[in-house]
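Structure assessment
Here's the letter readout for the chains.
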Amino acid sequence: MRHRIDLGNWKSIIGTTALAAALTLFVGAGTTKANEECHERIVRADHHLHEAIEHHGYESRQAEHARVELRNAREYCWAHSHRWWDVEGNRWHGDRDWDDKDHEHYRDHDRDHDRDHQ
């Protein structure tokens, strides 16, 4: 007794597999692009905060504006991918656990080194 192979089923299986692989690559590429965009947003905002503190002081209006930018960048990433990049820790966080005052250790890095200790 001979078994007959139905090529129609194989074509369907191969076509479905190819479609699934293409969709996985497409979705993966979109996720990677979103992660890169979030990473860049947060790194840029964190850098602006460091610069504002260094040039204008920890409690300056420029530093406060930069803190708002950093908070907004983190909120954007959380809203879009439920994770945010921790520049100081060099890692992604899966919890919404950032601290808006997490640059306290940078307090003494303003340009006169005593503005915040009067």
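Below or above, wherever it landed, is the structure these notes cover.

**Regarding the nonpolar core**
- One finds Ile42, Leu49, Ile53, Ala63, Leu70 and Trp84 to be the most contacted residues of the largest nonpolar core, which totals 16 residues.
- Breaking this core down by element, the ones donating at least two residues are α1 (7-56), α2 (61-81) and β1 (84-86).

**Here we look at the pattern of salt bridges**
- Under the criterion given, the structure shown has four salt bridges.
- Between arginine 71 and aspartate 100 there is a salt bridge, with its nearest N and O atoms 3.0 Å apart. Within this pair, whereas arginine 71 is found in helix α2, its partner aspartate 100 is found in the segment after β2 (91-93), the two being separated by 29 residues in sequence.
- With a relative accessible area of 32%, aspartate 100 lands in the partly exposed category.

**Quick word on unusual backbone geometry**
- A positive phi is found at histidine 82, a non-glycine position, where the angle reads about 50 degrees.
- Structurally, histidine 82 can be placed in the loop between α2 and β1.
- One non-glycine residue, asparagine 90, lies in the positive phi region at around 55 degrees.
- When you line up the elements, asparagine 90 lands in the loop between β1 and β2.
- Since its relative accessible area comes to 57%, asparagine 90 is described here as exposed.

**With respect to the packing of aromatic side chains**
- Under the definition given, this model contains two aromatic pairs.
- Summarising the aromatic geometry, the rings of tryptophan 84 and tryptophan 98 are spaced 5.6 Å apart at their centres and angled 80 degrees between planes, so their arrangement reads as edge-to-face. Of the two residues, tryptophan 84 sits in strand β1 while tryptophan 98 sits in the segment after β2, which places them 14 residues apart along the sequence. Summarising the burial analysis for this pair, tryptophan 84 and tryptophan 98 share the class buried.
- Considering the side-chain rings of tryptophan 85 and tryptophan 92, the 5.3 Å spacing of their centres and the 70 degrees angle between planes classify their relative orientation as edge-to-face.
- With a relative accessible area of 10%, tryptophan 85 lands in the buried category.
- The positively charged end of arginine 41 is found above the aromatic ring belonging to tyrosine 76, 3.6 Å away from the centroid.
- We note arginine 83 situated over the ring of tryptophan 92; from NZ or CZ to the ring centre the distance is 4.1 Å.

**Points about α2**
- The end-to-end C-alpha distance of α2 is 30 Å, a good match for the 30 Å that 21 residues give at a rise of 1.5 Å each.
- All buried positions along α2 are accounted for by Ala63, Ala66, Arg67, Leu70, Ala73, Arg74, Cys77 and Trp78. Along the axis of α2, the buried positions cluster into a sector of 135 degrees, meaning they face one direction only. α2 presents Arg61, Ala79 and His80 as exposed residues on the side facing more than 90 degrees away from its buried surface.
- Residue histidine 82 follows α2 closely and has a positive phi angle near 50 degrees.

What counts, and at which threshold
- Residue positions are given per chain, counted from 1 along the sequence in the order it is written.
- The model is predicted, so local features are restricted to residues of pLDDT at least 70 and side-chain atom pairs to those at 80 or more, both for listing and for counting; the totals for chains, interfaces and linings are taken over all residues.
- With hydrogens and water stripped out, all remaining heavy atoms of the structure feed into the side-chain values.
- Residues grouped as a nonpolar core are buried Ala, Val, Leu, Ile, Met, Phe, Trp, Tyr and Cys residues, joined through side-chain atoms within 4.5 Å.
- Summary of the burial criterion: residues with accessible area below 20% of their type's maximum are buried, those above 50% are exposed, and those between are partly exposed, where the area comes from a 1.4 Å probe applied to protein chains only.
- Per the convention used, a helix needs a DSSP run of H or I reaching at least four residues, while a strand needs a run of E reaching at least two, with both numbered from the N terminus.
- For this analysis, a salt bridge means a side-chain nitrogen from Lys or Arg found within 4 Å of a carboxyl oxygen belonging to Asp or Glu.
- To pair, rings of Phe, Tyr and Trp, with the six-membered ring standing in for Trp, must have centres within 6.5 Å; the planes then decide the type, stacked if under 30 degrees apart, edge-to-face if over 60, and tilted in the middle.
- Cation placement over rings: the criterion is NZ of Lys or CZ of Arg within 6 Å of the ring centroid and within 35° of the ring normal.
- Any helix carries an expected span of 1.5 Å times its number of residues minus one.
- The directions considered for the arc are those from the helix axis to the C-beta atoms.

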